Amino acid sequence: MAVNMAQETRQETGEVPPLDPARIRADFPILAATVHGNPLVYLDNAATTQKPRAVLDAIARYYTEYNANVHRGVHYLSQVATEAYDEARRKAAAFLGATVDCEVIFTRGATESINLVAHSYGRQHVLPGDEILITGMEHHSNIVPWQILCKESGATLRVVPIDDDGNLIMEEFDRLLNERTRLVAVTHVSNALGTVNPIRDIAAKTHAVGAVVLVDGAQSAPHMPVNVRELGCDFFVCSGHKMYGPTGIGLLYGRAELLDAMPPYQSGGDMILSVTFEKTIYGRLPSKFEAGTPHIEGAIGLAAALDYLNAQGLDRVAAHERGLIRYAESALRAVPGLRLMGAPRQRAGVIAFTMDAAHPHDIGQVLDEAGVAIRAGHHCAQPVMKRFGVPASARASFGLYNTRDDVDTLVQGLHEVNRIFA
Ligand code: C6P
């Protein structure tokens with residue numbers, strides 16, 4: 001309440017103070033941890049984010065105060081749990097800018113959301129001779145489901161290449177998009193490069209040829225305000241655990257008209273209106289796509305995470321992280337023998353690099369000794385590694401609680417890498 005009043009006053013005066021990472025850090029118990037005797041510096045936020053106390057408390061409250069199954073019981077606890085679960089969907093819909101709540105389906109994460117669209121929309125609409133267009137910077141989760149669909153349907157997978165800076169080559173996108181294209185699947189932000197893609201432009205062009213666009217928002221939703229209607233996308237997917245929420249819960253946004261016409265992805269309890277041995281009538285949205293007991297705790301925890309992000313303000317989160325990334329880019333460029341992977345026109349969340357002196361796994365290990373958590377490897381984006389001619393990269397990824405001190409500790413660790421290996 002206090003936060004909202006303060007925000008309202010600031011909005012009235014037009015003053016938007018920057019995020020205060022020190023205050024934010026106090027909300028995340030794990031950030032007080034030490035690793036190998038050093039304070040934890042957590043720079044692996046693209047893999048998963050840490051959780052604020054508000055999320056941990058919301059989950060504990062569910063289990064200690066109103067644990068029950070949802071949409072099934074007439075008893076008090078079930079009604080309270082159902083209200084909390086439905087409220088979580090309302091919050092998720094508002095967070096993404098959906099027109100109606102039932103356009104948001106709870107899934108296990110971005111991966112399951114993409115699989116749902118590939119299996120349901122894809123099998124219904126993609127025929128032999130059709131094309132699906134993806135990009136050269138997709139995570140495996142936004143490649144493999146389309147590959148499988150193409151194999152099953154006789155469609156062709158086309159790939160928009162990326163340039164040396166890690167930007168999409170839009171002239172190639174224009175060339176590859178055509179009247180055979182049924183669906184464009186594109187990441188909003190690359191998890192391997194940090195590139196922010198021009199989704200509005202891509203969506204407008206995709207619609208002009210009569211196709212639909214799925215946006216993989218796993219790496220954008222935690223870092224910037226997202227509005228699916230402003231982006232103009234037909235489907236949008238993201239993962240709760242990358243947005244300061246629990247693992248095992250994610251979102252699929254789909255335009256109601258599209259979701260309504262799609263067949264179920266999985267079947268079972270809670271997704272039907274009636275069942276006889278002769279015939280089943282499916283339930284309406286969103287239950288048609290949520291067979292079985294859902295991840296109730298996950299939805300409630302995610303709603304708490306969205307409340308937390310909203311209270312900070314996504315604009316302020318984006319501004320804070322932009323500043324941090326600029327600072328990190330110039331600090332990393334000053335490390336001898338270090339090469340940044342790509343220099344995208346617009347970057348969010350992620351900076352990846354290689355070093356002459358050491359393999360990314362060795363870099364990761366030396367940093368770990370210093371308490372610094374980064375990711376080393378192919379980041380489930382092997383085509384990006386191939387494009388840049390490396391087997392792997394080291395990747396620092398940022399969240400709203402990271403500070404310039406974190407970057408300084410990272411850079412110190414990289415000098416140590418040079419001291420040991422160079
Ligand atoms: N990227 C990373 O370290 P899931 O696993 O379903 O929550 O998210 C999959 C996924 C989809 N798209 C993008 C752009 C992603 O970055 C990810 C997950 C993590 O980069 C784990 S591999």
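1. Details of the site of the ligand
And step 1. As a matter of local geometry, the ligand sits amid 17 residues, with T111, D216, Q219, S239 and R375 nearest to it.
And step 2. Contacts to the ligand include H139, whose side-chain N or O atom sits 3.4 Å from a nitrogen atom.
And step 3. With respect to the ligand, the side chain of Q219 contributes an N or O atom lying 2.7 Å from an oxygen atom.

2. What about the sheet that holds strand β9 (residues 235-239)?
And step 1. Pairing in this open sheet of seven strands is mixed, and the strands run β4-β10-β9-β8-β7-β5-β6 from one edge to the other. The sheet is open, and its two edges are formed by β4 (104-107) and β6 (156-160), each paired on a single side. This sheet shows a mean twist of 20 degrees between the axes of neighbouring strands, independent of strand direction.
And step 2. Packing of helix α4 (residues 76-96) onto the sheet brings it into contact with β4, β9 and β10 (250-254), and relative to β4 it is tilted by some 115 degrees.
And step 3. Against the sheet, helix α5 (residues 110-125) makes contact with β4, β7 (181-187), β8 (212-216), β9 and β10, and its axis sits at roughly 155 degrees relative to β9, the strand it touches most.

3. Concerning the side chain of D44
And step 1. Here D44 shows up in the loop between β3 (41-42) and α3 (53-65).
And step 2. Excluding residues that lie within four positions of it along the chain, D44 makes contacts with A373, I374, R375, R395 and S397.

4. Details of helix α13 (residues 360-369)
And step 1. For α13, the full list of buried residues reads P360, I363, G364, V366 and L367. Buried residues of α13, viewed axially, fall in a sector of 165 degrees; they line one side.
And step 2. At its buried positions, α13 is contacted by β14 (350-355), β15 (372-373), β16 (375-377), β17 (393-397) and α15 (404-421).
And step 3. One or two positions beyond α13, positive phi appears at G371, with a value near 90 degrees.

5. A closer look at the pairing of β4
And step 1. Of the two faces of β4, both are covered, the one formed by V104 and F106 as well as the one formed by I105 and T107.
And step 2. In this structure, β4 lies alongside β10, joined through four bridges in antiparallel fashion. Paired with I105 across the bridge in β10 is L252.

6. Here's the deal with the packing of α4 against helix α11 (residues 296-312)
In a packed pair of helices, the relevant descriptors are the angle between the two axes and the axis-to-axis distance.
And step 1. α11 packs onto α4 with a crossing angle of 40 degrees between their chain directions and a minimal axis gap of 9 Å. The orientation of α4 relative to α11 falls into the category oblique. For α4 against α11, the interelement crossing comes out left-handed. Touching A84, Y85, A88, K91, A92 and F95 of α4 are I296, A299, I300, A303, L306, D307, L309 and N310, all from α11.
And step 2. For the contact of α4 with α11, the per-class residue count stands at 11 nonpolar, one polar and two charged.

7. Some points on the packing of aromatic side chains
And step 1. Under the defined criterion, the tally for this structure stands at eight aromatic pairs.
And step 2. Counting every residue linked through ring pairs, the aromatic cluster contains F28, Y244, Y308 and Y401.

8. Re the confidence of the model for the protein
And step 1. Looking at the protein as a whole, its pLDDT mean stands at 95, while 96% of the residues score no less than 70.
And step 2. Predicted confidence for residues 1-11 stays below pLDDT 50, and this span has eight contacts to residues more than four positions away or in other chains.

9. A word on the environment of C380
And step 1. Inspection of the secondary structure puts C380 in the loop between β16 and α14 (382-387).
And step 2. By relative accessible area, C380 is classed as partly exposed at 24%.
And step 3. The sequence separation of C380 and H125 amounts to 255 residues, and the corresponding C-alpha distance is 28 Å.
And step 4. Those residues in contact with C380, other than ones at most four positions away along the chain, are E138, H139, H140 and R375.

10. Regarding the sheet that holds β16
And step 1. The strand order across the open sheet formed by four strands is β13-β14-β17-β16, and the pairing between neighbours is antiparallel. Both outer strands of the open sheet, β13 (338-340) and β16, are each paired with one neighbouring strand and no more. Across this sheet, the average inter-strand angle for adjacent strands is 30 degrees, counted without regard to direction.
And step 2. Lying on the sheet, helix α12 (residues 314-333) is in contact with β13 and β14; it crosses β14 at an angle near 5 degrees.

11. Examining unusual backbone geometry
And step 1. Each neighbour pair has its own omega, and for L285 with P286 the value is -5 degrees, a cis peptide bond.
And step 2. Counting through the fold element by element, P286 comes out in the loop between β12 (280-282) and α11.
And step 3. Backbone geometry places C380, a non-glycine residue, at a positive phi of 55 degrees.

12. Some details on the pattern of salt bridges
And step 1. Within this structure, the stated rule accounts for 21 salt bridges.
And step 2. In this structure, the salt-bridge partner of D44 is R395, at a minimum N-O distance of 3.5 Å. Of the two residues, D44 is situated in the loop between β3 and α3 and R395 in strand β17; the sequence distance between them amounts to 351 residues.
And step 3. What makes D44 buried here is its relative accessible area of 14%.
And step 4. In this structure, R175 and E172 form a salt bridge, with 2.8 Å as the shortest nitrogen-oxygen distance. Here R175 and its partner E172 are both found in helix α7 (residues 170-176), three residues apart, which amounts to about one turn of the helix.
And step 5. We classify R175 as exposed; its relative accessible area is 58%.
And step 6. With relative accessibility at 22%, the residue E172 sits in the partly exposed group.
And step 7. Overlapping salt bridges bring together E131, R158, E179 and R180 as one network.

Each value, and the rule that gives it
Residues numbered from 1 in each chain as written. Predicted model: local features only at pLDDT ≥ 70, side-chain atom pairs only at ≥ 80, totals over all residues. Heavy atoms only, no water. Near = heavy atom within 4 Å. Polar contact = N/O pair within 3.5 Å; in protein donor to acceptor, adjacent residues only side chain to side chain. Pairing = 2+ DSSP bridges. Helix = DSSP H or I, 4+ residues; strand = E, 2+ residues; numbered from the N terminus. Axes fitted to C-alpha atoms, helices over the stretch in contact; angles between N-to-C directions. Contact = heavy atoms within 4.5 Å. Buried < 20%, exposed > 50% of the residue type's maximum accessible area, 1.4 Å probe, protein only. Arc of directions from axis to C-beta. Parallel < 35°, antiparallel > 145°, perpendicular 65-115°, else oblique. Left-handed = near helix turned anticlockwise from the far one by under 90°. Nonpolar A, V, L, I, M, F, W, Y, C, P; charged D, E, K, R; others polar. Phe/Tyr/Trp six-rings, centres within 6.5 Å; stacked < 30°, edge-to-face > 60°. pLDDT = per-residue confidence, 0-100. Salt bridge = Lys/Arg side-chain N within 4 Å of Asp/Glu carboxyl O.

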